[in-house]
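Okay, here's what each chain looks like letter by letter:
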Amino acid sequence: MTPLNIPEWQSLVRHYSDLKYVSMREQFALDSDRAQNFLVKSGDLLLDYSKNRITKETMEKLVALAQSVNMNDWVERMFSGEAINNTEGRAVLHTALRNRSNTPVMVDGKDVMPAVNAVLTQMKNFCQQVHNGEWLGYTGKRITNIVNIGIGGSDLGPAMICDGLEAYGVEGISVHFVSNVDGADLSTTLEKLNQETTLFVVASKTFTTQETLTNAQSARAWFLKTAKQADVAKHFVAVSTNAKAVAEFGIDTENMFEIWDWVGGRYSLWSAIGLPIALYIGMDNFERMLAGGHEMDLHFRNQPLAENMPVIMGLLGVWYINFHGAQTQAIVPYDHSLARFPNHMQQLDMESNGKVTNREGQRISYKTGPIIWGTPGTNGQHAYFQLIHQGTQLVPVDFVLPVNSHYPECDHQSILLANGLAQSEALMKGKNAEEVRAELMAEGYEGKALEALLPHKVFPGNRPSNTLLFPQLTPEMLGQLVALYEHKVFVQGVIWNINSFDQWGVELGKQLAKAIVPELKDGAEISPHDSSTTNLINLIRTLRK
Ligand code: G6Q
């Protein structure tokens, strides 16, 4: 099934041609209620989507498209545990992990909630023991440093949340994330730490990932420089689906926290993969984050499509990607603690919707997932915003704005917020030739000098953005925000008729390097590669010290 043949899609193609020359600036001038008409709320989270290239009719047509692909049915199929990840034959149930209403969620005839709750209780007990000093290191000292060893989905989400909720950190606990197999990552982390007070969380859904196992082995070797094998149990815990591999690695399965194959890596921060989060901010705050995610789930499941935040964001994305030809989406949080938010969203979106094959296995001929990128404001304004304002690419932007800071001792918040608002306003309005002329004349320019400078100072405007506004970045709010983007990605996957929950491209990467590792050794046989790769292998052998 291709969406291109759906009448509602065709109708959007025609609508796009009609709307091509309509500017947002004019629309704002014509409709004083525009800001109110394109506003949606979920709890304390507000989405202003009025600065988009849309009319009321556009939204009606986009919602009709969502209806035509049975969006509501797909949402129910996901929440109710159907195996919608068809290439892996799995249910997709990150929503069960934060199901605070605790209603049964059935997979293959079995309710998963008792197992979810049991692991949450195990996490709670463990965090309490570490925090109150019942769980001590091998010399009787308290644990002060948590090192999470994981990569991809077993790293990015927890690292982002720990940064984002730094203001909620438990006193006396620091957290570190080691992901890269580059020895520099582990070495530079360990050089600051002491074996007696460090706890390693080895996080790997499969427990077969080369980078994670290599880092975990080296961490254990570092630990054994001062401690004995019998002390490992006090300093290494694991999060995995694979108890056998955990035991083979030498971690006591008593100290293993279970996850399940129905949790995708990039959707797993809500599971025991979130253990470093719970250790860092406390289990109560972790549960507040789950509650925020659940609140967004209820919104997504129950709100009509036209008032549904993830649906609206997903549809706007489709509008720009498939009709306006946008290739990227910037996510710009005006909150320094959300520096890693765009990175997590990059994995979430690009790994989920970076697909060229539809659910039926056919190659598709329309655009799917965009390139996701961004950094915190205001820093980006002094770098890449030039291209967003005046470049030739259309880059829709999500501005993420918390009203209140956790750091009032440096009260810079008004400046920060004003910058975010000013950017979205300028992107929408632009600056036309008359305005630039008036400005230049006021500055004393005239004649040729004025005419020469004028075109460079014109801003085309009509550049779209969303603004997500909320009172403060609390655990609940961050939970809501992450769940919002997760569902947005799903909405787009449904429109594009792709499976957003497999990741064969990542699996390929896991296989390829394994074959080359032994070939880098001097004298080892080199299997047939292309001539470039063979040449590079030989060069590395020669240059290696
Ligand atoms: C996420 C991906 C991928 C995965 C990592 C780590 O959705 O599948 O990023 O999380 O490759 O995998 P393990 O947790 O199995 O080590």
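Here's a quick rundown of the structure. Starting afresh in each chain, residues are numbered from 1 along the sequence in its written order. Local features in a predicted model are, by the rule used here, given only for residues with pLDDT of at least 70; side-chain atom pairs are given and counted only at 80 or more, and totals for whole chains, interfaces and linings are based on all residues. Computation of side-chain values covers all heavy atoms of the structure but excludes hydrogens and water.

### Details of the overall build of the protein
Move 1: Helix numbering and strand numbering both begin at the N terminus, where a helix is a DSSP run of H or I of at least 4 residues and a strand a DSSP run of E of at least 2. Tallying secondary structure elements over the protein gives 23 helices and 13 strands in all.
Move 2: For the protein, the spread of C-alpha atoms along the principal axes amounts to about 80 × 60 × 60 Å.
Move 3: Burial classes follow relative accessibility: with a 1.4 Å probe on protein chains only, a residue under 20% of its type's maximum area counts as buried, one over 50% as exposed, and anything between as partly exposed. Counting every position in the protein, which comprises 545 residues, the buried fraction comes to 52%.
Move 4: Intrachain contacts of the protein at a sequence separation of at least 6 include 74% that bridge at least 24 residues.
Move 5: Just so you have it, the protein exposes about 23,900 Å², and 52% of that area is on carbon and sulfur atoms.
Move 6: Taking the average location of the 45 positive side-chain charges in the protein and that of its 58 negative ones, the two points are 4 Å from each other. For this analysis, residues touch if any pair of their heavy atoms sits within 4.5 Å. Note that accessible areas follow from Shrake-Rupley with a 1.4 Å probe, and for residues the cover is restricted to the protein chains shown. Only four residue types enter the charge count, namely Lys and Arg as positive and Asp and Glu as negative; His and the chain termini do not. Working definition for charges: the position is that of NZ of Lys, CZ of Arg, CG of Asp or CD of Glu.

### Considerations on the site of the ligand
Move 1: What makes a residue near a molecule or strand is one non-hydrogen atom of that residue sitting within 4 Å of it. In the vicinity of the ligand, 14 residues are found, and the nearest of them are Ser154, Ser204, Thr206, Thr209 and Glu351.
Move 2: The term polar contact refers here to a pair of N or O atoms within 3.5 Å; inside protein, the definition further demands a hydrogen-donor-capable atom paired with an acceptor-capable atom, and it admits residues adjacent in sequence only when both atoms are side-chain atoms. Within the side chain of Thr206, a nitrogen or oxygen atom sits 2.6 Å from an oxygen atom of the ligand.
Move 3: Within the side chain of Lys510, an N or O atom sits 2.9 Å from an oxygen atom of the ligand.
Move 4: Nonpolar residues are Ala, Val, Leu, Ile, Met, Phe, Trp, Tyr, Cys and Pro. Charged residues are Asp, Glu, Lys and Arg, and all others, Gly as well, are polar. Looking at the shell around the ligand residue by residue, the class counts come to 1 nonpolar, 9 polar and 4 charged.

### Structural notes on the environment of Met160
Move 1: The topology assignment puts Met160 in helix H8 (residues 156-164).
Move 2: Its relative accessible area of 0% is what places Met160 among the buried residues.
Move 3: When the C-alpha positions of Met160 and His344 are compared, they lie 6.8 Å apart, and in sequence the two are 184 residues distant.
Move 4: Beyond its immediate chain neighbours, meaning those up to four positions away, Met160 contacts Arg340, Phe341, His344, Leu478 and Val482.

### Points about the sheet that holds strand S13 (residues 465-472)
Move 1: At least two bridges found by DSSP between two strands is the condition for calling them paired. Sheet architecture is open: 6 strands sit in the order S1-S2-S13-S12-S10-S11, paired in mixed fashion. Because the sheet does not close on itself, it has two edges, and the strands there are strand S1 (39-42) and strand S11 (371-373). For this sheet, the mean inter-axis angle between neighbouring strands, taken without regard to orientation, is 15°.
Move 2: Bridge count between strand S10 (residues 328-333) and S11: 3 bridges; the pairing is parallel. Considered in S11, the bridge of Thr328 is made with Ile371.
Move 3: To obtain each axis, a line is fitted to C-alpha atoms, and for helices this fit is confined to the stretch in contact; angles are then taken between N-to-C directions over 0 to 180 degrees. Along the sheet, helix H14 (residues 283-302) contacts S1 and strand S2 (45-48); its crossing angle with S1, the most-contacted strand, is approximately 130°.
Move 4: Across the sheet, helix H18 (residues 413-429) is in contact with strand S12 (397-404) and S13; its angle to S12 comes to roughly 155°.

### Describing the pairing of S1
Move 1: Every second residue of S1 is oriented toward a common face, the buried set being Val40 and Ser42 and the non-buried set Leu39 and Lys41.
Move 2: Where S1 and S2 come together, 4 bridges link them in antiparallel fashion. For Ser42, the partnering residue across the bridge sits in S2 and is Leu45.
Move 3: Between the end of S1 and the start of S2, which pair antiparallel, lie 2 residues, with Gly43 showing a positive phi angle near 60°.

### Concerning the side chain of His389
Move 1: As for its position among the elements, His389 is in helix H17 (residues 385-390).
Move 2: Residue classification places His389 among the buried positions, given a relative accessible area of 11%.
Move 3: Those residues in contact with His389 that lie beyond four places of it in its chain are Gln423, Ala426, Leu427, Phe459, Pro460 and Arg463.

### Here's the deal with the sheet that holds strand S5 (residues 145-149)
Move 1: The sheet built from 5 strands is open, its strands ordered S6-S5-S7-S8-S9 with parallel pairing. Every other strand in the sheet has two partners, leaving strand S6 (174-178) and strand S9 (256-258) as the edge strands with one partner each. On average, each strand axis in the sheet is tilted by 20° relative to the strand beside it, whichever way the strands run.
Move 2: In this sheet, strand S8 (residues 236-240) lies alongside strand S7 (residues 198-203) in parallel orientation, the contact comprising 4 bridges.

### Some words on the packing of H14 against helix H21 (residues 475-496)
Two quantities define a packed helix pair, namely the angle between the helix axes and the distance between the axes.
Move 1: Running from N to C, H14 and H21 cross one another at 40°; their axes reach a closest spacing of 7 Å. The pairing of H14 with H21 is recorded here as oblique in orientation. Where H14 crosses over H21, the two elements pack in a sense that is right-handed. Contact residues: Asn285, Arg288, Met289, Gly292, Gly293, Glu295, Met296, Asp297 and Phe300 in H14; Pro475, Glu476, Gly479, Gln480, Ala483, Leu484, His487, Phe490 and Val491 in H21.
Move 2: When grouped by side-chain class, the residues that make up the contact of H14 with H21 number 8 nonpolar, 6 polar and 4 charged. For classification purposes, angles smaller than 35 degrees are called roughly parallel, those larger than 145 roughly antiparallel, those between 65 and 115 roughly perpendicular, and all remaining angles oblique. Helix crossings get a hand from a simple test, with the near helix turned counterclockwise from the far one by less than a right angle marking a left-handed crossing and a clockwise turn marking a right-handed one.

### Considering the side chain of Asn466
Move 1: Among the structural elements, Asn466 can be located in strand S13.
Move 2: Among the polar contacts made by the side chain of Asn466, one reaches the side chain of Asp398 at a distance of 3.0 Å.
Move 3: Not counting the four nearest positions on each side in its chain, Asn466 is found in contact with Leu47, Asp48, Tyr49, Asn52, Met313, Leu316, Val397, Asp398 and Phe399.

### Regarding helix H16 (residues 341-353)
Move 1: Given the number of residues in a helix, its expected span is that number minus one, multiplied by 1.5 Å. With 13 residues, H16 extends 18 Å between its outermost C-alpha atoms, agreeing within 8% with the 18 Å of an ideal straight helix rising 1.5 Å per residue.
Move 2: Most of H16 sits inside the fold, with 10 of its 13 residues counted as buried.
Move 3: Of the residues making up H16, those classed as buried are Phe341, Pro342, His344, Met345, Gln347, Leu348, Asp349, Glu351, Ser352 and Asn353.
Move 4: At its buried positions, H16 is contacted by H8, S10, S11, H21 and helix H22 (504-516).

### As for the packing of aromatic side chains
Move 1: Stacked, tilted and edge-to-face pairs are distinguished by plane angle, under 30 degrees for stacked and over 60 for edge-to-face with tilted covering the rest, among Phe, Tyr and Trp rings (Trp via its six-membered ring) whose centres lie within 6.5 Å. In total, this model carries 22 aromatic pairs according to the counting rule given.
Move 2: With a centroid separation of 5.1 Å and an interplanar angle of 0°, the aromatic rings of Trp260 and Trp262 are classed as stacked. Grouping residues by exposure puts Trp260 and Trp262 together as buried.
Move 3: Between the NZ or CZ atom of Arg220 and the centre of the ring of Phe249, over which it lies, the distance is 4.2 Å.
Move 4: Ring-over charges, as used throughout, are those where CZ of Arg or NZ of Lys falls within 6 Å of the ring centre and within 35 degrees of the ring normal. Directly above the ring of Trp135 sits Lys234, whose terminal nitrogen or CZ lies 4.3 Å from the centroid.

### Observations concerning helix H15 (residues 309-323)
Move 1: For H15, spanning 15 residues, the distance from its first C-alpha to its last is 21 Å, which sits close to the expected 21 Å at 1.5 Å a residue.
Move 2: Counted residue by residue, H15 has 15 buried out of 15 residues, so it is predominantly covered.
Move 3: The first or second residue beyond H15 is Gly325, which carries a positive phi of 75°.

### A word on the environment of Glu8
Move 1: Inspection of the secondary structure puts Glu8 in helix H1 (residues 7-19).
Move 2: Excluding residues within four positions of it along the chain, Glu8 makes contact with Ala64, Leu65 and Ser68.

### Quick notes on the state of the cysteines
Move 1: Only a pair of cysteine sulfur atoms within 2.5 Å qualifies as a disulfide here. Counting across every chain of the model gives 0 disulfides.
Move 2: Lacking any disulfide linkage, Cys162 is separated from the closest cysteine sulfur, that of Cys127, by 11 Å.

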